[in-house]
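Chain by chain, the residues:
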Amino acid sequence: MAEQTDKEDKTEEATPKRLSDAREKGQVAFSTETMSAFGLVAALIGFALAGPALAEATGAGVVDGLNRMGDLGMAELDHHAFAGLMASTIKNILPAIGGLLLPVLLMAVIVGYSQVGGVRLSPQAIAPKWNKLDPIAGLKRMFGAKAWMRTGMAALKLLALATTVVLVIWKDVLQVGALAGADLGPCLAAVLRLASKAAIAGVLAVLAISLFDLWFQRTQFSKEMRMSKKEIKDEHKSSEGDPHVKAKIRQIQREVAGRRMMQDVPDATVVVTNPTHFAVALKYDEDAPGAPKVVAKGIDEVARRIKEIAREEGVLVYEDPPLARALHRDCEIGDEVPEDLFQAVAGVLAYVYRVQGGAPVTA
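Sequence order as written defines residue numbering, which begins from 1 separately in each chain. pLDDT decides what is reported in this predicted model: residues at 70 or higher carry local features, side-chain atom pairs at 80 or more are listed and counted, and totals for whole chains, interfaces and linings draw on all residues regardless. Note that the side-chain values use all heavy atoms of the structure and ignore hydrogens as well as water.

Visitor: So what's going on with the pairing of strand β2 (residues 278–283)? Residues and values would help.
Guide: Most of β2 sits out of view: five of its six residues are buried. Pairing between strands is defined by DSSP: at least two bridges between them are needed. A run of DSSP states H or I qualifies as a helix once it reaches four residues; a run of E qualifies as a strand once it reaches two. Both are numbered from the N-terminal end. Here strand β1 (residues 270–273) pairs with β2 via four bridges, running antiparallel. Bridging across to β2, V271 finds its partner in A281. Between β1 and β2, which follow one another and run antiparallel, lie four residues. The pairing of β2 with strand β3 (residues 293–299) spans six bridges and is antiparallel. Across the sheet, residue F278 finds its bridge partner in β3, namely I299. Note on exposure labels: buried denotes an accessible area under 20% of the residue type's maximum, exposed denotes more than 50%, and partly exposed covers the range between, all computed with a 1.4 Å probe on protein chains only.

Visitor: Can you tell me about the sheet that holds β3, naming the residues and giving the values?
Guide: What holds strands together in a sheet is hydrogen bonding between their backbones, with the strands either parallel or antiparallel. One open sheet accounts for four strands, arranged β3-β2-β1-β4; its pairing is mixed. Lying at the two open borders of the sheet, with one neighbouring strand each, are β3 and β4 (316–319). Taken over all neighbouring pairs, the strand axes of this sheet differ in orientation by 20 degrees on average, direction set aside. On top of the sheet, helix α12 (residues 301–313) reaches β1, β2, β3 and β4; it is set at about 130 degrees to β3, its chief contact. Inter-axis angles, ranging from 0 to 180 degrees, are taken between N-to-C directions of lines fitted to C-alpha atoms, where helices are fitted over the stretch in contact. Two residues qualify as a contact provided that any one of their heavy atoms is within 4.5 Å of a heavy atom in the partner residue.

In structure tokens form, the structure reads like this:
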């Protein structure tokens, strides 16, 4: 009951991290039926390409053996002579056999690679798993849904293969029967054509079933990899960090930045405020290039603290609500005053220099 409830909670698609972790454990959507079906396709291609050469090499070997039968029958065949005879025979037919097996090998590599999405060593997949020695778990695997699915797919494949081959043969069997009494060559050619048609039809039937199995395996794997919302949240916490911890870190960072900002207020040239909510401290150095810079800013309690420090340190506090709001909105700590506020800020600085008896600042 608890297992069923757990499955019902897994309503979310698997995250990339979960899929990557599953792959590290060797868990991927893999269809052996697709491997075998494409292997049969490659075998047909191999027969089409290398079959004539294989038949010719085999025939040449038989003819050579028949021609040498008299000599071989009179000679004493020890193990050295037998080994030499076998080596010669294998050497003659080996290129044709290689041409037959090479397409099968290449097709197996391509299909396997495409299913698993690349080559990756997975130590966890080959590590010994002692729970597999559990007989109860073994019985569950033998009689579970996956085992029945594999059995059903194998039975369906055999049924489809047999049905397709029988239908093809039945369709042309009368033509083959009409060759009764004909020469051996035409009979063999007709049988070969019939066998080729039956083989192609059977492989196509198996290929169709294998593609269905591939779809089923991927769908089943996607369901098995589904996650609950809690699992996604926990994964996010483990990979990105606990949101509460991150919030605490941001709070500490703000406090540190605030203390550093308050240390710069005594060096400010002027603090622009509205009476209650905003305060922006500006610093202007006539000898340095560039516009005045924002060295501190804040609202409400922070603004009140900036004004207190400014008054304690003798920094002029200038009330200009629209300018204070604009500076707070458009500037960050360390930014220069934007060009559209140059005129207003220059007026404030001119006032500051007049009050302090310095040279006036012009726009």
